[in-house]
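The primary structure of each chain is shown beneath.
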Amino acid sequence: MKSVAEMLRCTALLLAAALAPAAQAAGPAPFDLAGPTLDVVVTRGKTILPASEVPNLAEGDKIWIKPEFPASQSADYLMVAAFLAGSTNPPPESWFFPCKTWTGKCGKEGLTVTVPKGAQQVLILLAPSTNGDFNALVSAVRGRPGAFVRATQDLNQAALDRSRLERYLAAIHVLNQGDPAVLKEVAPLLARSLAIKVDEKCLDKIPQLQAACLTQGQEALILNDGHSMSIAETLTSGPGADLVMAAASTPELGYGIYSPYIASVLDIVRILDSFGTAQFQYIPALSSQQGDKLQLTLNAAPSFYSPKSVIVVALPAVEKKASLPPLRPVDPTDIYCSGRSTLVLPVEGAPLAFSTGFAHDIALVLTGKDGKTIRLPARADAVQGGYVVNTSSLAATTLGDTVKAQLQGYWGFENYQGPTFSLRNANANAWELASDDEDALIVGRQDTVRLRASTTSCVDGIMLRDPAGKELKTEWKAVKPGVVEVKLPLQNAQPGSMTLMITQSGVSEPHPVPIQVFSNAGRLDSFAMHAGDAKGVLKGSRLDEVASLQIGAVTFTPGDLSTQASIDSLTMPASDAQAAAALKPDSGIAARVTLKDGRVQRVNASIDAPRPRVALIGKSVQPSRSSGDSNIQLANQDVLPQDARFTFSVRAQMPATFPPDQIIEVATDDEAFSAKLTIANGGIRLGDAKVALVTLDPIKAFGFSAFGPLKFRPISNSVNGDWQPLVSLVRLPQLKELKCPESPERACKLSGSDLFLVDSVSGNAAFDQAVQVSDGFPGFSLPVPHPTNGKLYLKLRDDPAVINTVALEAQLLPLSPDEIEQAAAAKRDAAAPPPPQ
């Protein structure tokens, strides 16, 4: 007769077995169970560091390990430190070091081990004490070293990525508790520092809703970070080293630009599940830095019934050479103010510098005018987007006008030489008014001037002092390096001399810049338009006072106003566009201008000859050899591959025939790239006097970097016609081969060149579970889904709204020996008879 306890235990086991497939299908459980804490200290030579400051181990390092269990701990744990030598090399038994954590010298003082020569990974196993437990653990690791190598890699990768996510979430929480409105300003800095994906739509919400939006889908927020991956990996043989493909090896994933964090967790669970025995099952533990200690978190509750749970912990990989953080300034051209008491140096490129303690004892190092070296402590602050330096001690130091400073310190045990920055003393600034603004200041309105200096980083404030000595507040902002734009409140000012007072950090007295303001000249110079147009341009000064302009019965009203070299230009569209277009060419017309105060003045107006006009007749694309052989089948027929030859025909409308000096200008939508095609340069060939064929070679005309919608316009006698849409220019990547594993659950590998031109790739026409390609992707291969019916579906970065087809035959890859073995084991298990009840 079974006891009640035995019956309950059997019921629990049956429930676990029944629920296991459903749980597995739903994905791994989150790491949210608190585990034990590990005290880990590493000694290299004469230097001792806590594990929280050690990104990698080296041969000969001494590692001291001591677990901390609560005082109420009733179960005894055997701790085993094991070293691994790669996925195909079983470690010798001498590389396993047991420690009875509940008794003896090791229980009181901890375990000290030395990294042996040839070791590549370090593993810690925590197992409930049983007879033969040490031998069973040694046998499991030596029997399948590759699985444990992969587990250590994935655990390290997941822990590093999780450190970034936890730092991001903690910062969002703190900011939301304070002033939620600050999130809109700080979130982009956090995202840049920690390589976290921020949905910009969240920042458009009201402040109270931003934090919840910014933390949705937490695991998917982590972007790919090559530096943390290089730290997690070591040189191993076989496919175990390929963490990038591991990130895309599961159908749940579609994270081409995201970190392998989710895939690593899935890998860990599957690997450790695969070698469970009747005696032990293995559960992973992620380590996070808590001061000088490592806090373990679990995704499954440990079991003390057979099979008992063995907690698997990975220490940093053993590397011959440390992977130093690739920190770089956000803008290398920026000049920073040495006079500020607190200096923020924006950096990017190494999220682990912000989320871990690997970078420690960092200082900004510079040299004073006396030749002495100055070290200013610096701390990484993801919220501010860089390293924060207290420079108040520089007040007692004499520096040159400009000085170079460098971030220096340690990355683990290694000396670290970081990025350099230029610091400038505010005393060296010579301020002057921009030459175009010297005579442009008019009283009676808010006006804008630009001030120039070698650097604007020291500016704290700018005030306007009138002749009576009264200081008025201005609005100012740095618009580009060395230029500050200042809005002056001149609405109630009197003409005459005034002074801008510039307050700068590190300078006791404001710097004066004299300016001259003038009364309203009220000048009307001219009004001009082309016959057939519905708007003209009025030129003069103080045109902000214009209410309307009239030619005959046609009235024009104010549009956009701009000022250049003291001359206002006011665009004036007609109230009746059809009536304006009917005006005939003429000169010396007396137009009437009505001002806002009711006064009426006269101005000379001219209606010039009509703008040239052409009508587009047809167009064709002649593919080049490379684009003609492309395996990308463009769905949008109104696009032009960049290396193709494009011909279009036009018919003359105004004038009725083409002159010998006819020009057709083709440009990108933003007019950053343009080409003028003529009869002389061969770009235009006349079919007859009224019809012309225009030929464009985009590569020769624009170079590689032009893309997007193209437009064209005729130009005759230096008069520009109106722009007309022409075609959309796209650049095509070269797709060379597609390799796919036999298992449809694993991702394929798409290889080629210029893959940054790909926006996203999907395995089906519905374009779900698409792989998004990161901006500026520099690689030559991508993980992509399995093709449907031999076809992939692709969106180009230059035309992301259209889904194109890729016809590229996939090369099937055979299963690896481990996968064959797993499949055979699964088949045997399925065929085995059920155990007796």
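Residues numbered from 1 in each chain as written. Predicted model: local features only at pLDDT ≥ 70, side-chain atom pairs only at ≥ 80, totals over all residues. Heavy atoms only, no water.

Caption draft 1: The arrangement of the sheet that holds strand β27 (residues 524-530) in detail. Taken in spatial order, the eight strands make up an open sheet running β30-β29-β33-β34-β27-β28-β32-β31, and their pairing is mixed. Here the strands that pair on one side only, and so sit at the sheet edges, are β30 (554-556) and β31 (561-564). Sheet twist, expressed as the mean angle between neighbouring strand axes with direction ignored, is 30°. As defined by bridge partners, strand β29 (residues 546-551) adjoins strand β33 (residues 586-595) across four bridges and the pair is classed as antiparallel. Its bridge partner being in β33, valine 546 is matched across the sheet by leucine 595. (Pairing = 2+ DSSP bridges. Helix = DSSP H or I, 4+ residues; strand = E, 2+ residues; numbered from the N terminus. Axes fitted to C-alpha atoms, helices over the stretch in contact; angles between N-to-C directions.)

Caption draft 2: A look at the pattern of salt bridges. One pass over the full model with this rule turns up 23 salt bridges. When the shortest N-O distance is used, the salt bridge between glutamate 68 and lysine 293 registers 2.8 Å. Highlighted residues: glutamate 68 in strand β3 (residues 62-68) and lysine 293 in strand β9 (residues 293-298), separated in sequence by 225 residues. A relative accessible area of 31% means that glutamate 68 is categorised as partly exposed. Among the salt bridges present, the one from arginine 328 reaches glutamate 348, with a minimum N-O distance of 3.8 Å. Of this pair, arginine 328 sits in strand β11 (residues 328-329) while glutamate 348 sits in strand β13 (residues 342-348), and the two are 20 residues apart along the sequence. When its relative accessible area of 42% is taken as the criterion, arginine 328 is described as partly exposed. (Salt bridge = Lys/Arg side-chain N within 4 Å of Asp/Glu carboxyl O. Buried < 20%, exposed > 50% of the residue type's maximum accessible area, 1.4 Å probe, protein only.)

Caption draft 3: Summary view of the pairing of strand β14 (residues 359-367). By the criterion of burial, β14 is predominantly enclosed, with seven of the nine residues buried. Relative to strand β15 (residues 373-381), β14 is paired through five bridges, and the arrangement is antiparallel. Across the sheet, residue leucine 366 finds its bridge partner in β15, namely isoleucine 374. The hairpin formed by β14 and β15 contains five residues between the paired strands, and glycine 371 there has a positive phi angle of roughly 90°.

Caption draft 4: Here's a closer look at the nonpolar core. Core analysis: the biggest nonpolar cluster contains 41 residues, and Leu190, Leu345, Leu364, Leu366, Tyr387, Leu407 and Leu423 have the highest contact counts within it. If one sorts the elements of this core by residue count, helix α4 (residues 145-178) sits on top with seven residues. Counting 34 residues, the second largest nonpolar core, distinct from the first, contains Leu111, Ala285, Leu298 and Phe413. (Core = buried A, V, L, I, M, F, W, Y, C linked by side-chain atoms within 4.5 Å.)

Caption draft 5: Quick peek at the environment of isoleucine 362. Tracing the chain through its elements places isoleucine 362 in strand β14. Residues isoleucine 362 and arginine 379, 17 residues apart in the sequence, show an inter-C-alpha distance of 6.8 Å. Setting aside its immediate chain neighbours within four residues, isoleucine 362 contacts Pro377, Ala378, Tyr387, Leu407, Gln408, Gly409, Tyr410 and Tyr416. (Contact = heavy atoms within 4.5 Å.)

Caption draft 6: Representation of the state of the cysteines within the structure. Under the definition given, this model contains three disulfides. Across a sulfur-sulfur distance of 1.7 Å, cysteine 99 and cysteine 106 are joined as a disulfide pair. Looking down the S-S bond of the cysteine 99 and cysteine 106 bridge, the torsion is -115°, so its handedness is left-handed. The burial state of cysteine 99 is the same as that of cysteine 106; both residues are buried. Across the disulfide, cysteine 740 is cross-linked to cysteine 748 (sulfur-sulfur distance 2.0 Å). One quick way to see it: the torsion about the S-S bond of cysteine 740 and cysteine 748 is about 115°, and its sign makes the bridge right-handed. On the basis of relative accessibility, which here comes to 1%, the residue cysteine 740 falls in the buried class. Owing to a relative accessible area of 0%, cysteine 748 belongs among the buried residues under this scheme. (Disulfide = S-S within 2.5 Å.)

Caption draft 7: View of the sheet that holds strand β50 (residues 781-784). Taken together, the four strands give an open sheet; going across it, the order is β50-β47-β46-β53, and neighbouring strands pair in mixed fashion. In this open sheet, the two strands that pair with only one neighbour each are β50 and β53 (810-813). If you compare each strand with its neighbour and ignore which way they point, the axes differ by 25° on average. Strand direction decides the pairing type here: strand β47 (residues 748-753) and β50, joined by four bridges, are antiparallel. The residue of β50 that forms the bridge with serine 751 is serine 781.

Caption draft 8: Structural detail: helix α5 (residues 183-194). The end-to-end C-alpha distance of α5 is 15 Å, a good match for the 16 Å that 12 residues give at a rise of 1.5 Å each. If you check which residues of α5 are buried, you get Leu183, Val186, Ala187, Leu190, Ala191, Ser193 and Leu194. Each buried residue of α5 sits inside an arc of 165° when the element is viewed along its axis, so together they form one side. The positive-phi residue at the C-terminal boundary of α5 is alanine 195, with phi of around 55°. (Expected span 1.5 Å × (residues − 1). Arc of directions from axis to C-beta.)

Caption draft 9: Representation of the packing of aromatic side chains within the structure. Here the structure, examined in full by the defined rule, presents 11 aromatic pairs. Measuring from centroid to centroid gives 5.3 Å for phenylalanine 648 and phenylalanine 712, while their planes differ by 55°, and the two rings are tilted. With phenylalanine 648 in strand β38 (residues 645-654) and phenylalanine 712 in strand β43 (residues 708-716), the pair connects residues that are 64 residues apart, well separated along the chain. Pairwise contacts between aromatic rings join Phe69, Tyr77 and Phe304 into one cluster. The positively charged end of lysine 711 is found above the aromatic ring belonging to tryptophan 723, 4.6 Å away from the centroid. Positioned above the aromatic ring of phenylalanine 704, the side-chain terminus of arginine 731 is 5.3 Å from the ring centre. (Phe/Tyr/Trp six-rings, centres within 6.5 Å; stacked < 30°, edge-to-face > 60°. Lys NZ or Arg CZ within 6 Å of the ring centre and 35° of its normal.)

Caption draft 10: Examining the confidence of the model for the chain more closely. Predicted confidence across the chain gives a mean pLDDT of 81, with 83% of residues reaching 70 or more. Between residues 1-26, whose pLDDT stays under 50, and residues either more than four places distant or in other chains, the model counts four contacts. Under a pLDDT of 50 for its full length, residues 234-264 has, in the predicted model, 95 contacts with residues more than four places off or in other chains. (pLDDT = per-residue confidence, 0-100.)

Caption draft 11: Region of interest: the environment of alanine 692. Here alanine 692 lies in strand β42 (residues 691-696). The sequence separation of alanine 692 and glutamine 662 amounts to 30 residues, and the corresponding C-alpha distance is 10.0 Å. Ignoring anything within four residues of it in the chain, the contact list for alanine 692 reads Phe648, Ser649, Val650, Phe658, Ile684, Arg685, Leu686 and Gly687.

Caption draft 12: Structural detail: unusual backbone geometry. Across the junction of methionine 654 and proline 655, the peptide omega takes the value -5°, indicating a cis bond. Within the secondary structure, proline 655 sits in the loop between β38 and β39 (663-668). Positive phi outside glycine occurs at arginine 542, with the angle close to 55°. Even without glycine at this site, glutamine 769 takes up a positive phi of about 50°. When you line up the elements, glutamine 769 lands in the loop between β48 (758-762) and β49 (771-772). The exposure class assigned to glutamine 769 is exposed, which follows from its relative accessible area of 57%.

Caption draft 13: Local environment of the side chain of asparagine 56. Along the polypeptide, asparagine 56 turns up in the loop between β2 (47-50) and β3. For asparagine 56, a relative accessible area of 7% corresponds to the buried category.

Caption draft 14: Quick look at the environment of valine 459. If you trace the backbone, valine 459 turns up in strand β21 (residues 459-465). For valine 459, a relative accessible area of 4% puts it in the buried group. Look past the residues within four positions of valine 459 in its chain and what remains in contact with it is Arg340, Trp431, Trp476, Ile502, Thr503 and Gln504.

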